[in-house]
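# Report on the structure
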Amino acid sequence: EFTEYLAWLLGKGMATPDKTSLKSLAIEVREKEEKERITRQRALLRVITELWLVGVVRTLDDATKPDDATKGAATGKAVELKNRASSTKAGAAAEPFPLEVLKDLLGYDREHANLPLLVIFVKSFSWDILGVKPTGSDGRKTVEEDGATSGQNNIVQVVDEATDLNQTLDQQPFTTPDMAERFRKVLKKYFDDVAAHIVRDQKSIQSQARRNAEAYVKSGEVFEDRQANYEKQVKAQERLISNAQVIADAIGAEMPDLKESYDALATSSGSIGLVKTSEYLRTMGEGAGIWT
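Read on for an overview of the structure. (Residues numbered from 1 in each chain as written. Predicted model: local features only at pLDDT ≥ 70, side-chain atom pairs only at ≥ 80, totals over all residues. Heavy atoms only, no water.)

### What about the pattern of salt bridges?
Operational definition: We define a salt bridge as a side-chain nitrogen of Lys or Arg found within 4 Å of a carboxyl oxygen belonging to Asp or Glu. Each helix is a run of DSSP H or I of at least 4 residues and each strand a run of E of at least 2, with the numbering of both proceeding from the N terminus. Buried means the residue's accessible area, taken with a 1.4 Å probe over protein chains only, is under 20% of the maximum for its type, while exposed means over 50%, and partly exposed covers the values in between.
Taken as a whole and assessed by the stated rule, the structure comprises nine salt bridges. Residue Arg 37 is joined to Glu 34 by a salt bridge in which the shortest nitrogen-to-oxygen separation is 3.0 Å. Of the two residues, Arg 37 and Glu 34 both sit in helix H3 (residues 27-53), three residues apart, roughly one turn of that helix. Just as Arg 37 is buried, Glu 34 falls in that class too. The partner of Arg 184 in a salt bridge is Glu 181, and the shortest N-O contact between them spans 3.0 Å.

### Details of the packing of H3 against helix H6 (residues 115-125)
Rules: Between N-to-C directions, angles span 0 to 180 degrees; the directions come from axes that are lines fitted to C-alpha atoms, helices contributing only their stretch in contact. Working rule for handedness: look at the near helix, and if it is turned counterclockwise from the far one by less than a right angle, call the crossing left-handed; if clockwise, right-handed. In what follows, a contact means two residues having at least one pair of non-hydrogen atoms within 4.5 Å.
At a minimum axis separation of 10 Å, H3 and H6 run at an interaxial angle of 35°. In this structure, H3 meets H6 at a crossing whose hand is right-handed. Taken together, the residues of H6 that come into contact with H3 (itself represented by Arg 37, Ile 38, Gln 41, Arg 42, Leu 45, Arg 46, Thr 49, Glu 50 and Leu 53) are Pro 116, Leu 117, Ile 120, Phe 121, Ser 124 and Phe 125.

### What about the packing of aromatic side chains?
Where we set the bar: Two rings from Phe, Tyr or Trp (for Trp, the six-membered ring) form a pair when their centres sit within 6.5 Å of each other. Planes less than 30 degrees apart are called stacked, planes more than 60 degrees apart edge-to-face, and all others tilted. Sitting over a ring, as applied to charges here, requires NZ of Lys or CZ of Arg to be within 6 Å of the ring centre and within 35 degrees of the ring normal.
In the structure shown here, the tally under the stated rule is three aromatic pairs. Ring geometry for Trp 52 and Phe 183: centres 5.8 Å apart, planes at 50°, overall tilted. Taken together, the residues Trp 52 in helix H3 and Phe 183 in helix H8 (residues 177-219) connect sequence positions 131 residues apart. Look at Trp 52 and you get buried, because its relative accessible area is 14%. When the ring centre of Trp 127 is taken as reference, the NZ or CZ atom of Lys 133 above it lies at 4.9 Å.

### With respect to the nonpolar core
In plain terms, the rule: As used here, the term nonpolar core means buried Ala, Val, Leu, Ile, Met, Phe, Trp, Tyr and Cys residues forming a set that is joined through side-chain atoms within 4.5 Å. Domain borders in the structure are assigned automatically or taken from a domain database.
With 45 residues, the main nonpolar core has Leu 102, Leu 118, Phe 121, Ile 129, Phe 183 and Ile 247 as its most contacted residues. Every element with two or more residues in this core is listed here: helix H1 (2-13), H3, helix H5 (97-107), H6, H8 and helix H9 (224-251). A total of eight residues in this core trace back to one element, the largest contributor, which is H8. Two domains each put at least three residues into this core: domain 1 (1-67 + 94-108) and domain 2 (175-259). When residues no more than four places from it in sequence are discounted, the contact partners of Leu 102 are Leu 45, Gly 107, Leu 118, Phe 121, Phe 183 and Leu 187.

### Section: the environment of Glu 181
Applicable threshold: Polar contacts here mean pairs of N or O atoms no more than 3.5 Å apart (in protein, one a potential hydrogen donor and the other a potential acceptor; neighbouring residues in sequence count only if both atoms are side-chain atoms).
With respect to the element layout, Glu 181 can be found in helix H8. Linking Glu 181 and Leu 130, residues 51 residues apart in sequence, is a C-alpha distance of 7.4 Å. Only 3.0 Å separates the side chain of Glu 181 from the side chain of Arg 184, close enough to count as a polar contact.

Now the structure itself:
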């Protein structure tokens, strides 16, 4: 019974917040709430996955709501998770607990707010679940609270073939290839959506850069709020690309081609965006002109 109650509480902790209630909050409060949620759920996702790997929890069908947890308990997502897991076709196996949690986190995340959670998951379990060794890795990874990873240091000297074999077996992934593929499909679908997000935002940044250049030509300056908004967009894009790269490496996907955009960035003046004022003026002078 303890593990059944524990599974329910873990699932409740991973429930995504109601978007309507979040939108009603002030921007500062909403950002604080989201930051705290990511920190909290990052730890919970690791606990859920590790308990599943060692067989302590299996699926959401095993979760039971504690009798004393009815007051003040969250409603909605946690219950929906259980209902979806229980509504599988007759004879079909329920989804593994962490896979069901990932589906719920990622399936409705159109703004990709949960991408940092997925990055921590991949850094922690790319070998144990996906069977993929990160570049320069020796296998199983340990992820600290700050997200830093460290490999296992093998300080035991191999003295015979039996010991060597046991250590080799210890470094094998926990999941079967079929199970790893089920996780990979969920990650791939989410990554494709993130890649489209990256391309879309890159176009928006280029458009903003051109507007900044036009404003500079017309007035000789770019207003601070416009420049600050542009810099905020660029930093957010850099974080998005960095996180997406982690997922791409884990599932063997290709990142969207942004070479042309970065070539423009490399030739920019840096103060008004991606387009040089001189280049903007030159394009203004091109065309048929008024004498034709």
